[in-house]
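Observations on the model geometry
Chain by chain, the residues:
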Protein chains: 2
Amino acid sequence: MELLPRDQIAFQRMLDTIRRNFERFGFLPVETPVMELSEVLLTKSGGETERQVYFAQSTGSLEKSAQSGERGVPEMALRFDLTVPLARYVAEHEHELAFPFRRYQMQRVYRGERQQRGRFREFYQCDIDVIGKDSLSVRYDAELPAAIYAVFSELDIGPFTIQLNNRKLLRGFFEAQGVADGGLQALVLREVDKLDKRGPDYVRETLTGPEFGLAADAVATILDFVAVRSSSHADALAKLAALGEGNEALREGVAELREVLELIRALGVPEKNYALNFSIARGLDYYTGTVYETTLDDFPQIGSICSGGRYEDLASHYTKSKLPGVGISIGLTRLFWQLQEAGLVSTADSSVQVLVTQMDDAHLPHCLAVANELRHGGLNTEVVMETSKLGKQFKYADRAGIRFVVVLGEDEIAKGTATVKDLRREDQFEVSRAELARTLRVELEQSRVMK
Amino acid sequence: MELLPRDQIAFQRMLDTIRRNFERFGFLPVETPVMELSEVLLTKSGGETERQVYFAQSTGSLEKSAQSGERGVPEMALRFDLTVPLARYVAEHEHELAFPFRRYQMQRVYRGERQQRGRFREFYQCDIDVIGKDSLSVRYDAELPAAIYAVFSELDIGPFTIQLNNRKLLRGFFEAQGVADGGLQALVLREVDKLDKRGPDYVRETLTGPEFGLAADAVATILDFVAVRSSSHADALAKLAALGEGNEALREGVAELREVLELIRALGVPEKNYALNFSIARGLDYYTGTVYETTLDDFPQIGSICSGGRYEDLASHYTKSKLPGVGISIGLTRLFWQLQEAGLVSTADSSVQVLVTQMDDAHLPHCLAVANELRHGGLNTEVVMETSKLGKQFKYADRAGIRFVVVLGEDEIAKGTATVKDLRREDQFEVSRAELARTLRVELEQSRVMK
């Protein structure tokens, strides 16, 4: 995805909003190199991801392997997510970091996917994770949804729901239905994942069929269970209570979810923005506790726009320390594309707020001095450097999405004023040069507040 | 270069400052993919750079080339600068862009350099360019130094000088010394470039020696000429006037430099921050007019921290349109490393401004609600989620560079207040919960202004 400047400005504003909110919640910035040692990247990746890795080789190394006829895997590869680099980073800097370590990372990742609409080989991920040493309280599992709520509220992309589930709860429930084996649970969950696409009849037949051989009433219980969604905070607590005492895993999962729900509320997230969804499993091996997905209420077909969960041990491949964590990730490039397709990205105003026009070469130094004052006053200002017709300069500002056009003619210069045309409000006024920057800043601030 | 969070915060602040100032001057954001077609990247690169390119191959493409035994250059490569991607971008989107096209781009680039201290294979470049269609007024050559002045002033890295020269002036001068051939001029300039390292005697001997065979008085004139530096605006104009009428190229170069100097001044750049330096040549083929280098006055050994110039045609390889431009680039990763080495990067305060402590699990929801208010009030706030000794929580804040520690004990909760410890001012005060966020914001704002 490569954007024209107007879209890039909108994209950059989303990046800024996400970062600002991540920082509001006390997450610290980390950036890692795009290239990692292949052996580091490939340790944790499964078959699918491994096939999508891009390898990197300098000219020298290409020539060397050509000469030697060697056919090994190249030494370096491009990251395909931000989790493996985080694991390597935390393991490498373990003794220099304070735990719980709260980091955000917003960088591009690379996957050699088949090219198709809305799938990108290079895309931004915006991740937050909290990593504990030896242990990490489940309370942190409530902070991530609160941060995500803040992000999506400010991004202003319509109503959304952060959906929660818990892998222990899932495990306990399935054990109670006679699906005790972890591998079998995984397979059942994979079938359940097809509910949306294939419908309940297909899933029921498969699970009672020869491959799984589950009892019809167990399958009915499973399908009822995975259909559970809560409609309010109280409803969520009631639905957890309705699960009864059950086995230990179920009890643990229920207790964790209950604590997370209470703290999400304490953090001020409105109850319409979070809900239980017992069908969410996320990755079959990696997550061990809370799991998250986030959907746009009016665009369920987009699927989850922000997902994650709790994991047992971040970096077992790279360190002996046990590093449990919880994380959540926004795939921003794909989200931006989807929002554009759904008409939810407004064509942004330009990052340029003021255009200083020019009608006479002799006045250029005066125009530049005024532009300098505007910039010092905090306004993003472009100056027309080559004289042209005023109409053409106005048309340019209009097309570029620049709101204020400043005219400094013979008259204005003599009087020490500027004429300002506000293209948004289709308004025109004259103001003294000394008041110019302050006046425009106030206008911008008022529009921001009124919006 | 991989940074720990404290350094990453300092680095991020530099990136933000650069971007803010680029936007102040009306430059629009562009980001391009890290991978370009190899044939695009290698079209423009010279021998040295070409040897440093990283190629990228997905697993599938690696396997394919292994099976076929093909040994061609891989299809994709990583960008080694931001100029070639800009050329490709402008050529590709030519009909969708408004000219003069003012873009900034701040992304990482990749070079397979020999690893050594202060040289990085992956580093940030922060570029601004103005691209014209068919023609571009020399006036734009004054805007770039003004933007760079704004950047480095705000970065607060000590006194610096933006040094200016002009390739036409150089060409005219050398022609007048009997060095008319462009290739020979390039070779002479390359020898002149060695002045700092090898000294004037070495250069004089080389230029009068068998290889160049220049007359001794011509060489003396050349060495006098390249030693010219201006000490003020008036001195710069005087030194240009002292060059006399000369030939056409010299006259053009002088006229351009004079106009650029006048407009730089009109843009409010103090005269101590720019100077003529007739020894600057920058790249022997690429630049055709104004050229820039920027040095730190107290650290000349660091060399140029920001360079660029005017070029005749950006994208002749990709389009028939003539696209003259002027650009300048900050190599931020190397600069950051150099500033750290020189002790000029202050250990930044954390991006976290407030730590809300916790002494009793029962008070956690209260603490979270207060944190929520602080975040809404625009303060970056971390909450201690697991109870521990208060002393330990203070120590953590101190080490992490968090300025304000908020204590919410039994007393404070009953009274509806918070106790705040300001670790910077070693001060402590109690404030009502309703006034907490505003009070801390005012304190931060005061420190910012006083700084």
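Heads up: these notes are all about the structure in this document. Not measured: the values here are computed from a predicted model. The written sequence of each chain sets the order in which its residues are numbered from 1. Chains carry letters from A onward and ligands carry numbers from 1 onward, assigned in written order. At least 70 in pLDDT is required for a residue's local features to be given in this predicted model, at least 80 for side-chain atom pairs to be given and counted, and no such filter applies to totals for whole chains, interfaces and linings, which use all residues. Hydrogen atoms and water are omitted, and side-chain values are computed over all heavy atoms in the structure.

**Focus: the sheet that holds strand β7 (residues 160-166) of chain A**
Within a beta sheet, neighbouring strands are joined by backbone hydrogen bonds and run either parallel or antiparallel to one another. Quick reminder of the rule: Two strands pair under a simple rule: DSSP has to find at least two bridges between them. Labels follow the DSSP assignment, with helices taken as runs of H or I lasting at least four residues and strands as runs of E lasting at least two, numbered in each case from the N terminus.
In space, the eight strands of this open sheet follow the order β1-β5-β6-β11-β10-β9-β7-β8 (chain A), with mixed pairing throughout. Lying at the two open borders of the sheet, with one neighbouring strand each, are β1 (28-29) and β8 (274-276) of chain A.

**Some words on the environment of Gly309 of chain B**
Residue and element names in this part refer to chain B. Convention followed: Buried means the residue's accessible area, taken with a 1.4 Å probe over protein chains only, is under 20% of the maximum for its type, while exposed means over 50%, and partly exposed covers the values in between. Contact definition: two residues touch when any of their heavy atoms are within 4.5 Å.
In this structure, Gly309 sits in strand β10 (residues 306-311). For Gly309, a relative accessible area of 0% corresponds to the buried category. Along the primary structure Gly309 and Thr290 are separated by 19 residues, whereas in three dimensions their C-alpha atoms are 5.3 Å apart. Beyond its immediate chain neighbours, meaning those up to four positions away, Gly309 contacts Tyr287, Thr290, Val291, Tyr292, Gly325, Val326 and Gly327.

**Thoughts on the sheet that holds strand β13 (residues 381-383) of chain B**
All names here are of chain B. Selection rule: Only the stretch in contact is used when a helix axis is fitted, and all axes are lines through C-alpha atoms; the angle between N-to-C directions ranges over 0 to 180 degrees.
With mixed pairing, five strands are arranged side by side in an open sheet as β13-β12-β14-β15-β16. Both edges of this open sheet fall to β13 and β16 (427-432), since each of them pairs with a single strand only. On average, each strand axis in the sheet is tilted by 25° relative to the strand beside it, whichever way the strands run. When strand β12 (residues 354-356) meets strand β14 (residues 404-407), the two strands line up parallel, connected through three bridges. Note on β14: the bridge partner recorded for Leu355 is Val405. Sheet strands touched by helix α15 (residues 390-400): β12, β13, β14 and β15 (417-422). Its angle to β14, the strand with the most contacts, is close to 160°.

**Description of the packing of aromatic side chains**
Pairs of aromatic rings are described using the distance from one ring centre to the other and the angle between the two planes. All names here are of chain A. Defined as follows: Between the rings of Phe, Tyr and Trp (Trp by its six-membered ring), a pair exists once the centres lie within 6.5 Å; its type follows the angle of the planes, with under 30 degrees stacked, over 60 edge-to-face, and the other angles tilted. Consider the ring centre and the ring normal. A charge sits over the ring if Lys NZ or Arg CZ is within 6 Å of that centre and within 35 degrees of that normal.
In this structure the tally under the stated criterion is 24 aromatic pairs over all chains. Residues Tyr286 and Tyr311 carry aromatic rings whose centres are separated by 5.2 Å and whose planes lie at 25° to one another, so their mutual orientation is stacked. With Tyr286 in the loop between β8 and β9 (287-296) and Tyr311 in strand β10 (residues 306-311), this residue pair connects regions lying 25 residues apart in the sequence. Taken together, the aromatic side chains of Phe173, Phe174, Phe225 and Phe278 make up a single cluster linked through ring pairs. Cation over ring: Arg198 sits above Tyr202, and NZ or CZ is 4.2 Å from the ring centre.

**Describing the relation of the copies chain B and chain A**
Let me state the cut-off plainly: Copies overlap after least-squares fitting; the atoms used are the C-alpha atoms of residues with pLDDT of at least 70 in both.
Laying chain B over chain A is done by rotating through 180° and shifting 0.0 Å along the axis; what remains is an RMSD of 0.1 Å. The superposition operator between the copies reduces to a two-fold rotation axis. Among all residues of chain B, the one whose C-alpha sits closest to the rotation axis is Ala56 of chain B, at a distance of 2.2 Å.

**Considering helix α15 (residues 390-400) of chain A**
Residues and elements named next belong to chain A. Let me state the cut-off plainly: What the arc describes is the spread of directions from the helix axis to the C-beta atoms.
When we look at burial in α15, the residues that qualify are Gln393, Phe394, Ala397 and Ala400. Projected onto a plane normal to the axis of α15, the buried residues spread over an arc of 135° and lie on a single side. Those residues of α15 that are exposed and angled more than 90 degrees off the buried face are Lys392, Lys395, Asp398 and Arg399. Structurally, α15 contributes buried residues whose contacts are with α1 (5-24), β12 (354-356), β14 (404-407) and β15 (417-422). The positive-phi residue at the C-terminal boundary of α15 is Gly401, with phi of around 80°.

**Details of unusual backbone geometry**
A cis amide bond, omega -5°, links Phe99 of chain A with the succeeding residue Pro100 of chain A. Structurally, the position occupied by Pro100 of chain A is in the loop between α5 (83-92) and β5 (101-110). The residue Glu426 of chain A is not glycine, and still its phi comes out positive at about 50°. Here Glu426 of chain A shows up in the loop between β15 and β16 (427-432). In this structure Glu426 of chain A comes out as exposed when scored by relative accessible area, which is 73%. Despite not being glycine, Asp156 of chain B shows a phi value in the positive range, around 60°. Topologically, Asp156 of chain B is positioned in the loop between α6 (140-155) and β7 (160-166). Assessed through its relative accessible area of 59%, Asp156 of chain B is described here as exposed.

**A closer look at α6 of chain B**
Residues and elements named next belong to chain B. What counts here: To estimate the expected span of a helix, count its residues, drop one, and scale the result by 1.5 Å.
Over its 16 residues, α6 extends 23 Å from the first C-alpha to the last, a length consistent with the 22 Å expected when each residue adds 1.5 Å. Where burial is concerned, most of α6 is hidden: 14 out of the 16 residues are buried. Asp156 occupies a position one or two residues after α6 and carries a positive phi of about 60°.

**Comments concerning the interface of chain B and chain A**
Cut-off, in case you're wondering: Throughout, buried area stands for the accessible area (probe radius 1.4 Å) lost by two parts on being put together, summed over both. Only one rule defines a salt bridge in this text: a Lys or Arg side-chain nitrogen within 4 Å of an Asp or Glu carboxyl oxygen. Any pair of N or O atoms that falls within 3.5 Å is considered a polar contact. Within protein, one atom must be able to donate a hydrogen and the other to accept it, and sequence-neighbouring residues count only if both atoms are side-chain atoms. Just so you know the grouping, Ala, Val, Leu, Ile, Met, Phe, Trp, Tyr, Cys and Pro go in nonpolar, Asp, Glu, Lys and Arg go in charged, and all remaining residues, Gly too, go in polar.
Taken residue by residue, the interface counts 85 residues in chain B and 85 residues in chain A. Interface of chain B and chain A: buried area, both sides summed, is about 7300 Å²; carbon and sulfur atoms make up 53% of it. Among the residues of chain B in contact with chain A, Glu2, Arg24 and Glu31 of chain B are the three that bury the most area, contributing 10% of the side total. Our count for the contact surface shared by chain B and chain A stands at ten salt bridges. One salt bridge in this structure joins Arg139 of chain A and Asp361 of chain B, with 3.1 Å as the shortest N-O distance. On inspection of chain B and its partner chain A, the count reaches 30 residue pairs in polar contact (both at pLDDT 80 or more). Among the elements that make up the side of chain B that touches chain A, the one with the highest residue count is helix α1 (residues 5-24) of chain B (nine residues). Per-class residue counts for the side of chain B that touches chain A are 38 nonpolar, 24 polar and 23 charged. Here five bridges tie strand β3 (residues 54-58) of chain A to strand β3 (residues 54-58) of chain B, and the two strands are oriented antiparallel to one another.

None of the figures reported here should be taken as evidence of function without further support.
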